[in-house]
Amino acid sequence: MAQYYDGAKLLSIKDINGEQPEIFMCTSNRSAGKTTFFNRLVFNKYVKEYSKFCLIYRFNYELDSIAEKFFKDIRGLFFKEYEMKSEKRAKGMFHELYVKKLWQDDDAWESCGYAISLNAADQIKKYSHLLSDIDRMVFDEFQSETSHYCDNEVTKFISIHQSIARGNGEQSKHVPVYMISNPVTLLNPYYVAMDISTRLDSKTRFLRGQGFVLEQGYNESAADAQKTSTFNKAFYRSEYIEYSAEGKYLNDSSTFIEKIRGNSRYLATIKYKGKDY
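Every value quoted in this text rests on a predicted model; they were computed, and no experiment measured them.

What counts, and at which threshold
Residues numbered from 1 in each chain as written. Predicted model: local features only at pLDDT ≥ 70, side-chain atom pairs only at ≥ 80, totals over all residues. Heavy atoms only, no water. Axes fitted to C-alpha atoms, helices over the stretch in contact; angles between N-to-C directions. Helix = DSSP H or I, 4+ residues; strand = E, 2+ residues; numbered from the N terminus. Parallel < 35°, antiparallel > 145°, perpendicular 65-115°, else oblique. Contact = heavy atoms within 4.5 Å. Nonpolar A, V, L, I, M, F, W, Y, C, P; charged D, E, K, R; others polar. Core = buried A, V, L, I, M, F, W, Y, C linked by side-chain atoms within 4.5 Å. Buried < 20%, exposed > 50% of the residue type's maximum accessible area, 1.4 Å probe, protein only. Patch = residues over 30% accessible without salt bridge, like charges linked within 9 Å, V, L, I, M, F, W, Y side chains within 5 Å. Areas by Shrake-Rupley, 256 points an atom, 1.4 Å probe, with all protein chains shown as cover. Salt bridge = Lys/Arg side-chain N within 4 Å of Asp/Glu carboxyl O.

Remark: helix α2 (residues 34–49) packs on helix α3 (residues 66–77), axes separated minimally by 10 Å, with the N-to-C direction vectors making an angle of 85°. Here α2 is positioned roughly perpendicular relative to α3, judged by the angle of their axes. On α3, the residues that touch T36, N39, R40, V42 and F43 of α2 are F70, F71, I74 and L77. When its residues are assigned to classes, the contact of α2 with α3 shows six nonpolar, two polar and one charged.

Following this line, the structure appears as C-alpha cells:
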C-alpha cells in the first residue's frame, strides 16, 4: 500500500471515446498527498521542459502570497535548491510566478507560470495573449466545503480555459487541467455540468467521460493517521472527521436514496435554467 497518492494510473487512462482527456479529476480523503503530487508534477515539467503552468483559484484575494502557498511544501520535499516569487500583473488580475536557484543572482529569475482567479474570467480574456505559453493547469479544491462558489462558476471556468487554450497561433490547443478535491457533494456544480452526479457511486474507483477521467480514491495510511490523532479523537462524533478521514461525502447522505419501485403517478416537472427535473 502506497503511503501517499500516485496519479500515474489516472494520467494513463483515456476518456470514454478512447481519446486523451483534457480534464483529470481526483478526489480522496484528506492528507492523501493529491495536491503535493500534482504541484510537483507541473513544477517538474517546468524544470525539465520549461513548460509553464497555471494555478486556478476562485477569488482574487486567494492570490496573495501565492508563491509561498504553492511552493513551500514541494520545495521542502523535492526542490530545495530553488526559490520562487510572484509579481502582480494587470493591476492584480493575475500573478506571474518566477523561479531561480538559490545561488543565482537576481537577474536569473525566470517566469515559470501564473496564478489566476475564476472570478476575473472576463478580464482574463483581455490578457489571454500574455497567458498563451501555459501548457497545463491545476485547480485545487474544486469542490467547496462551504458551497462558496463564484456566480456562474462553471461558465467562468470554461471561459478561462478557452482564453488560455487558443494561444500560440492555435484556435484550440491541448491544455490539461488537474482538478483536485476532497469529496464534498455529488451535487457540486462541476459534477452536475459534466453529468457525473448521475453516474458516480461509492464503489466507483475510476470514471471515464467525454474529455475527462475521474479518480475517486481512498488512502488508508492517511485515514489511519487521522483516526489516531489525539485532536481528532476529541471530535470522533463529528461528521467532518468522518469526511476528512474516510473520504465520505461531507454534505451527502445515502439514507433512503434508492431506485423507485412499483407504481407511481406523475405530479409535476420543475424547469430550472433550461433543464427539466
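Now that the structure has been shown, the text picks up again.
Moving on to the nonpolar core. Grouped together as the largest cluster of nonpolar side chains are 33 residues, with contacts concentrated most on M25, M137, F139, I164, M179 and Y190. With five residues, the single largest contributor to this core is helix α5 (residues 153–165). Ignoring any residue separated from it by four or fewer positions in sequence, one finds M179 in contact with I23, F24, M25, C26, F139, F142, F157 and Y190. Y5, I66, F71 and V138 belong to the second-largest nonpolar core, a separate cluster that totals 31 residues.

On the surface, I270, Y272 and Y277 cluster together into a nonpolar patch covering about 390 Å² of accessible area. Within the secondary structure, Y277 sits in the segment after β11 (275–276).

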